[in-house]
Amino acid sequence: MLFFAAGSISRFGANPFAPADVQTRVYQLRLALRVLAKSPSFAATSILVLALGIGANTAIFSLVEAVVLRPLPYPDPERLFVVENVKDGEPLGAHSSSWPDFEDWRDECQSLAQVALFTYWTFNVTNRDVPLRITGGRVTGDFFSTLGMPPLLGRYLIPEDDVPGAPEAAVLSYAIWHRLFGANESVVGSVVTLNGRPHTVVGVMPPEFRFPGEDVEIWGAVGDNMSGMQRHNRFMLVVARLEEGVPPSLAQKELDAITGRLSSEYPESNEGYAASLVSAHETLVGNAKPALVLLLTAVGSVLLIACTNVSNLVLARATGRRREAATRVALGAGWKRLAELYLAESLLIAGAGGVLGIALAHASLRFLLDLYPGGTPRLDQVGVDSTVLLFTLGLSVATGLLLGVIPAFAARRSDLQTALKAGGRMVGDGSGGSRLRDALVASEVAMAFVLLVGGGLLLRSFAKLTAVDPGFRADRIVTLSVFLTPPKYRTLADRFHYVDRAEEALAALPGVGSVAAVTDPPLGEGWLTMSVFEEGRPLSVAASPDATFRGVSEDYFRLLGIPLRAGRFFDSTDDEDTEKVVVVNETFVRRVLSEGNALGRRIVWSDEERDQTPMRIVGVVADIHHRRIDQEEGPVVYAPIKQITFGWMRWFTFALEARDPESFFGMARDALLGVDPDQPVFHIRTLATAISSSLAERRFQLFLVELFAVAALVLAALGVYGVISHTVTHRTHEIGLRLSLGARRRDILGLFVLRGMRSTLLGIVAGLAVAFVLTRYMTAMLFGITSLDPYTFATVGILLAGVALGASYLPARRAAGLDPVRALRHE
């Protein structure tokens, strides 16, 4: 392949596959091998530097290709879209649709061949030795046919499965089929108990089917589970397939017309809402794209710096070969033949670097994947496949061509007569070659500056993020969750009774302090948001502000150390027989209530389906970082668990203080299984672990970018050192003359240090200009600082200047310490 590239891209021969031309290419490659064999240190250094750069790029590109660039594994994936809701111009994300809106879109939008719905669902698998909790989904009967992927075994769900009263059916993912059923093909037709109800397994999907995410392991039909759902209950995902030949713009116009009508007919729930068609590919992988593009940009910069370093090595070597080049030209070789020789050498070096780079990429991928945080789609499909190999081949050829053109260009501009007259003595390297090497150094300093600024911004951002007070206590706090299923827990009273018994069982364990329950723990999986208004100021659901709801037991605030700003916490008297009370956070007071004291005022849920009994505010607590550490929380309403009136509230998390949390997990699980052995216990962890896990993706990005930034800094320092060292070697005779004529050694030292710093400062200035533009694209990844943070820019500039000064000083000191007599004899 490299031979073909050398023959065809060089374009020096009319037909690179002609017999005579092939013979010439073979001769050139053999000659290039002999020439490189005479300079083993140069060849080994160049190959190793390029291998590191190409290998790193190959590894990161394999991630980008598998996660971002590879199309979805469904038939005609370009026709698959997700219908997202938009409120007042602000996208609400994929899971933002309601059941009634979905029905209208499905029935009225003629440009959509099929429209299906998915909603996340929790399934408790019982009738096993140990009950399990599985994340799955409820789907409409045409969900699988919309996506178009056939099942691996059996069949998928069909419309007949999705009617009220139909026998419950389930489709398994490939992963859970292996994990729970041992990949037994006779699983089709078997019965599995999900949430207390028997479901017949009708099919198994292939391993590449993971819609809408890696965490979904089982699918059941919607059936009658959505009956009574209102338009403002927006938490579902709608996937659609365009009619063949219909442009997305036409479907979008139809959706605009439909949502406009809905906004007029149902202003209390749909005013200000619109629908947007977003490609399914963008929906599923869009969140991973910015980080991967950042990593690819960073590692690409490292390769460019590596190529610049090797280019300087090639230029230095070409300077030493000027007499050889001049002799070849004088004997009739011509510039064409000389350029072909240089290209052959560079392509051999780049090809060897590419082969070694592939080996390095393959070895490092497993390390990268082990470090990569969860939640990123298709990571198990990452590998060095044919696409990645083609990318590496193209990268190697481009690198080889770049390295081959530089010495050919430098030799073409050199003075043949001067080179021949100089004999074996090395004189100055020529102003043209000197300026070119200085320009290359400045360019790699500029690239290193940009990369270091990016790494510095991420480092400063991460430091500020880890210094954030989450607003709650995480030390020695253990949380564990349950999802209570019918028929045993059909009523709220049954669930409250379970919570009481569970708290008692956990509190009785040795080493346990306080115990509390909450419906939505900090940094948990989800949250419940509802519209609310102050009593006496009634508003429609669409016009009412949203507030997050949490049911908590009386010791929750004290256990987590959430500060009380006004009023009181809950106590044992706040139960189903007393006035409904709530505690709100400070943001709720600012955004929802009118001016005045919040205590004693009453609020009401806007949704008429909810309990319309007013709730009196008895306390105000501080805001906490509940969803994400890097995100401020909106309005929150806390209610006593025993005053919850939502019949669908089945999930509870228990928080407790333990002296030795890590060794406590097994005892805590056993205690809850002792309360009810049919209810699986999941998400057992400490809050400190939850905080650390929430920062895992940022930590991984920081690690890789900092790794590449350090590599860039080292390569830039080597570039400065190499240029000054080469200059000292090729100007040794001149240095001897200067010293013999009375030049002071400090003048010699300053001469070479000044040259190195001049290139460095030019590179810093250029890098500063580029960084001012590029870092703006990092704004969404930063926390607590701006993309133009002056402290980071100044620190990086000083660091680079200091490193370059040291890299210039070492060879300059050698020049200043030369013996004049020896220097004059140098050849």
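In this text, all values refer to a predicted model and were calculated from it rather than measured experimentally.

K.L.:
Lay out the overall build of the protein with the relevant residues and their values.
P.N.:
Looking only at helices and strands, one finds 25 helices and 22 strands in the protein. Each of the 827 residues in the protein was classed as buried or not, and the buried ones make up 54%. In the protein, 81% of the contacts between residues at least 6 apart in sequence involve partners at least 24 apart. Element-wise, carbon and sulfur atoms account for 58% of the exposed surface of the protein, whose accessible area totals about 35700 Å².

K.L.:
Can you tell me about unusual backbone geometry, naming the residues and giving the values?
P.N.:
Looking along the chain, the bond that leaves Phe 211 and enters Pro 212 is cis, with omega of 0°. With respect to the helices and strands, Pro 212 occurs in the loop between β8 (197-204) and β9 (218-221). For Asp 88, which is not glycine, the phi torsion reads 50° and is therefore positive. One can find Asp 88 in the loop between β1 (80-87) and β2 (90-91).

K.L.:
Account for a nonpolar patch on the surface, with residues named and values stated.
P.N.:
There is a patch of nonpolar side chains on the surface, built from Leu 768, Val 770, Phe 772, Val 773, Leu 774 and Tyr 777 and spanning about 570 Å² of accessible area. When you line up the elements, Val 770 lands in helix α23 (residues 745-774).

K.L.:
Tell me what's going on with the environment of Thr 45, and back it up with residues and numbers.
P.N.:
With respect to the helices and strands, the residue Thr 45 is situated in helix α3 (residues 40-69). Residue Thr 45 is classed as partly exposed on the basis of its relative accessible area, which comes to 39%.

K.L.:
Tell me about the pairing of strand β12 (residues 477-483), residues and numbers included.
P.N.:
Of all 7 residues in β12, 7 are buried; the element is thus mostly enclosed. Covered by surrounding structure in β12 are Ile 477, Thr 479, Ser 481 and Phe 483 together with Val 478, Leu 480 and Val 482, the residues of both alternating faces. Sheet topology note: the β12/strand β21 (residues 651-658) ladder contains 7 bridges and is antiparallel. Paired with Ile 477 across the two strands is Glu 657, which belongs to β21. Note: β12 against strand β22 (residues 682-686), 3 bridges, orientation antiparallel.

K.L.:
So what's going on with the confidence of the model for the protein? Residues and values would help.
P.N.:
A low pLDDT means the predicted coordinates there should not be read in detail. For the protein, the average pLDDT comes to 83, and 87% of its residues sit at 70 or higher. Element-level pLDDT for the protein is lowest in helix α1 (residues 2-8), with a mean of 45, against a maximum mean of 96 in strand β6 (residues 169-172). A low-confidence stretch, residues 1-6 stays under pLDDT 50, and its non-local contacts, those more than four residues away or across chains, total 14 contacts. The low-confidence segment residues 8-18, where pLDDT is below 50, has 20 contacts with residues more than four positions distant or belonging to other chains.

K.L.:
A description of the pattern of salt bridges should follow, citing residues and the corresponding values.
P.N.:
This structure, assessed with the given rule, holds 33 salt bridges. With a closest N to O distance of 3.1 Å, Asp 385 and Arg 70 form a salt bridge. Remark: Arg 70 occurs in the loop between α3 and β1 and Asp 385 occurs in the loop between α12 (334-371) and α13 (386-413); sequence separation between them is 315 residues. The exposure class assigned to Asp 385 is partly exposed, which follows from its relative accessible area of 25%. Where Asp 678 meets Lys 488, a salt bridge forms, and the shortest distance between an N and an O atom there is 3.5 Å.

K.L.:
Pulling in residues and values, what's your account of the packing of aromatic side chains?
P.N.:
Applying the stated criterion across every chain, the model contains 26 aromatic pairs. Here Phe 144 and Tyr 156 contribute two aromatic rings whose centre-to-centre distance is 5.6 Å and whose plane-to-plane angle is 10°, an arrangement assigned as stacked. In this pair, Phe 144 is assigned in helix α5 (residues 143-147) and Tyr 156 in the loop between β5 (153-154) and β6, connecting sequence segments 12 residues apart. Put simply, the rings of Tyr 74, Phe 118, Tyr 120, Phe 143, Phe 144, Tyr 156, Phe 209, Phe 211 and Trp 219 pair up and form one aromatic cluster. Its end group placed over the ring of Phe 682, Arg 133 keeps NZ or CZ at 4.2 Å from the ring centre. Here the guanidinium or amino end of Arg 234 rests over the ring plane of Tyr 273, the centre of that ring lying 3.7 Å away.

K.L.:
Tell me about the packing of α23 against helix α24 (residues 790-816), residues and numbers included.
P.N.:
The N-to-C vectors of α23 and α24 enclose an angle of 155°; their axes lie 8 Å apart at closest approach. Here α24 runs roughly antiparallel to α23, going by the angle between their axes. In this structure, the crossing between α23 and α24 has a hand that is right-handed. Contacts between α23 and α24 involve Arg 745, Ile 748, Leu 749, Phe 752, Val 753, Gly 756, Met 757, Thr 760, Ile 764, Leu 768, Ala 771 and Phe 772 from the former and Phe 793, Gly 797, Leu 800, Ala 801, Ala 804, Leu 805, Ser 808, Tyr 809, Ala 812, Arg 813, Ala 815 and Ala 816 from the latter. Residues belonging to the contact of α23 with α24 are distributed by class as follows: 18 nonpolar, 4 polar and 2 charged.

K.L.:
Explain the environment of Glu 632 to me, using residue names and the numbers behind them.
P.N.:
Mapped onto the elements of the fold, Glu 632 is located in the loop between β19 (615-621) and β20 (636-640). Residues Glu 632 and Thr 587 lie 45 residues apart in sequence; the distance between their C-alpha atoms is 9.6 Å.

K.L.:
Describe the packing of helix α16 (residues 492-507) against helix α19 (residues 665-675), and please don't skip the residues or the numbers.
P.N.:
With their axes 9 Å apart at the nearest point, α16 and α19 run at an angle of 140° to one another. Relative to α19, the element α16 is oriented oblique. Between α16 and α19 the crossing geometry is right-handed. Of the residues in α19, those touching α16 at Tyr 498, Arg 501, Ala 502, Ala 505 and Leu 506 are Ala 668, Ala 671, Leu 672 and Val 675. For the contact of α16 with α19, the class distribution of residues is 8 nonpolar, no polar and 1 charged.

K.L.:
Give a detailed account of the pairing of strand β14 (residues 528-534), specifying residues and quantitative values.
P.N.:
For β14, the tally of buried residues reaches 6 of 7 residues, placing the bulk of the element in the interior. Looking at chain direction, β14 and strand β15 (residues 546-552) are connected through 4 bridges and run antiparallel. Paired with Thr 529 across the strands is Thr 548, a residue of β15. Bridge count for β14 against strand β18 (residues 602-605) is 3 bridges, and the pairing is antiparallel. Note that in β18 the partner of Val 532 across the bridge is Trp 605.

K.L.:
Provide a residue-level description of the nonpolar core, including the pertinent values.
P.N.:
Formed by 115 residues in total, the largest nonpolar core has its most connected members in Phe 557 and Tyr 638. When residues of this core are assigned to their parent elements, the largest contribution, 15 residues, is made by helix α21 (residues 696-730). Ignoring sequence-local partners within four residues, the contact set of Tyr 638 consists of Arg 550, Val 552, Tyr 556, Phe 557, Phe 570, Val 581, Val 582, Val 583, Val 621 and Ile 624. With 49 residues, the next largest nonpolar core counts Tyr 489, Trp 605, Ile 641 and Met 649 among its residues.

K.L.:
Just give me the short version of the environment of His 178, but keep the residues and values in it.
P.N.:
Among the secondary structure elements, His 178 is positioned in helix α6 (residues 174-181). The partly exposed category is assigned to His 178, whose relative accessible area is 37%. At 3.0 Å, the side chain of His 178 forms a polar contact with the side chain of Tyr 174.

K.L.:
Let's hear about the side chain of Thr 479: which residues, and what values?
P.N.:
As for its position among the elements, Thr 479 is in strand β12. Assessed through its relative accessible area of 6%, Thr 479 is described here as buried. Dropping the residues within four chain positions of it, Thr 479 is found in contact with Thr 653, Phe 654, Ala 655, His 683, Ile 684, Arg 685 and Leu 687.

Rules of the game
Residues numbered from 1 in each chain as written. Predicted model: local features only at pLDDT ≥ 70, side-chain atom pairs only at ≥ 80, totals over all residues. Heavy atoms only, no water. Helix = DSSP H or I, 4+ residues; strand = E, 2+ residues; numbered from the N terminus. Buried < 20%, exposed > 50% of the residue type's maximum accessible area, 1.4 Å probe, protein only. Contact = heavy atoms within 4.5 Å. Areas by Shrake-Rupley, 256 points an atom, 1.4 Å probe, with all protein chains shown as cover. Patch = residues over 30% accessible without salt bridge, like charges linked within 9 Å, V, L, I, M, F, W, Y side chains within 5 Å. Salt bridge = Lys/Arg side-chain N within 4 Å of Asp/Glu carboxyl O. Pairing = 2+ DSSP bridges. pLDDT = per-residue confidence, 0-100. Phe/Tyr/Trp six-rings, centres within 6.5 Å; stacked < 30°, edge-to-face > 60°. Lys NZ or Arg CZ within 6 Å of the ring centre and 35° of its normal. Axes fitted to C-alpha atoms, helices over the stretch in contact; angles between N-to-C directions. Parallel < 35°, antiparallel > 145°, perpendicular 65-115°, else oblique. Left-handed = near helix turned anticlockwise from the far one by under 90°. Nonpolar A, V, L, I, M, F, W, Y, C, P; charged D, E, K, R; others polar. Core = buried A, V, L, I, M, F, W, Y, C linked by side-chain atoms within 4.5 Å. Polar contact = N/O pair within 3.5 Å; in protein donor to acceptor, adjacent residues only side chain to side chain.

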